[in-house]
Amino acid sequence: MSVLAFPISEQRSRDIRVAMDVADKALHELLRKAVVAHRAATVRNPGTIANRHHRTMAHAYLDAVAIIVDRPGVDFEIMGHLDAGVFDIRKLTAIARSWDGPDAA
């Protein structure tokens, strides 16, 4: 089986790079906010209103991340990594981009 490669114009290539750059900026910002909200939840007493509020906000940000990367369920995977103490935005971005679902493991 051979693969046909169609030439991509310089304008189309530039449009793709700009779209990926905008998506990466939004993804990084949402992940940063999710990390901040998750860390704020961990310093609050479990079960308090502040703890539940910050955890809910972290879930909302991660839900938006799942929509941006178009990978349903990645929000639960990233939340698991946050619970495990992974707070590096670059690692979380790589997880969001490469996650193939719970059946891929």
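Preceding this paragraph is the structure being described.
Residues numbered from 1 in each chain as written. Predicted model: local features only at pLDDT ≥ 70, side-chain atom pairs only at ≥ 80, totals over all residues. Heavy atoms only, no water.

**A short note on helix 4 (residues 89–98)**
Turning to helix 4, its buried residues are Leu92, Thr93, Ile95 and Ala96. Around the axis of helix 4, the buried residues are gathered within 160 degrees of arc, so they sit on the same side. Every exposed residue of helix 4 that faces more than 90 degrees away from the buried side is listed here: Arg90 and Lys91. (Buried < 20%, exposed > 50% of the residue type's maximum accessible area, 1.4 Å probe, protein only. Helix = DSSP H or I, 4+ residues; strand = E, 2+ residues; numbered from the N terminus. Arc of directions from axis to C-beta.)

**A closer look at the nonpolar core**
Proteins that are soluble and globular tend to have nonpolar side chains buried together. Within the largest apolar cluster, 19 residues are counted, with the highest numbers of intra-cluster contacts made by Leu31, Leu62, Val65, Val74, Ile78, Leu82 and Leu92. Within the residue set of this core, elements represented by two or more residues are helix 1 (10–43), helix 2 (49–69), helix 3 (74–83) and helix 4. Considering each element in turn, this core owes the most residues, six residues, to helix 1. The contact partners of Ile78, leaving out residues within four places of it in the chain, are Leu31, Leu62, Val65, Leu92, Ile95 and Ala96. (Core = buried A, V, L, I, M, F, W, Y, C linked by side-chain atoms within 4.5 Å. Contact = heavy atoms within 4.5 Å.)

**What about helix 2?**
A turn of α-helix holds 3.6 residues, and therefore any two residues three or four places apart point the same way. Between its first and last C-alpha atoms helix 2 spans 30 Å; for 21 residues at 1.5 Å apiece the expected length is 30 Å, and the two agree. Residues Asn51, His54, Ala58, Leu62, Val65, Ala66 and Val69 constitute the buried set of helix 2. Taken down its axis, helix 2 places every buried residue within 125 degrees of arc, on the same side. Exposed residues lying more than 90 degrees from the buried face of helix 2 are Ile49, Thr56 and Ile67. Residue Asp70 follows helix 2 closely and has a positive phi angle near 55 degrees. (Expected span 1.5 Å × (residues − 1).)

**Structural notes on the packing of aromatic side chains**
One pass over the full model with this rule turns up zero aromatic pairs. Across from the ring centre of Phe87, 4.6 Å away, lies the NZ or CZ of Arg39, which sits over that ring. (Phe/Tyr/Trp six-rings, centres within 6.5 Å; stacked < 30°, edge-to-face > 60°. Lys NZ or Arg CZ within 6 Å of the ring centre and 35° of its normal.)

**Structural notes on unusual backbone geometry**
Positive phi, normally seen in glycine, also occurs at Asp70, with a value near 55 degrees. The residue Asp70 is located in the loop between helix 2 and helix 3 in this model.

**Quick word on the environment of Pro72**
Within the secondary structure layout, Pro72 lies in the loop between helix 2 and helix 3. Given the relative accessible area of 70%, Pro72 is considered exposed. Linking Pro72 and Trp99, residues 27 residues apart in sequence, is a C-alpha distance of 9.7 Å.

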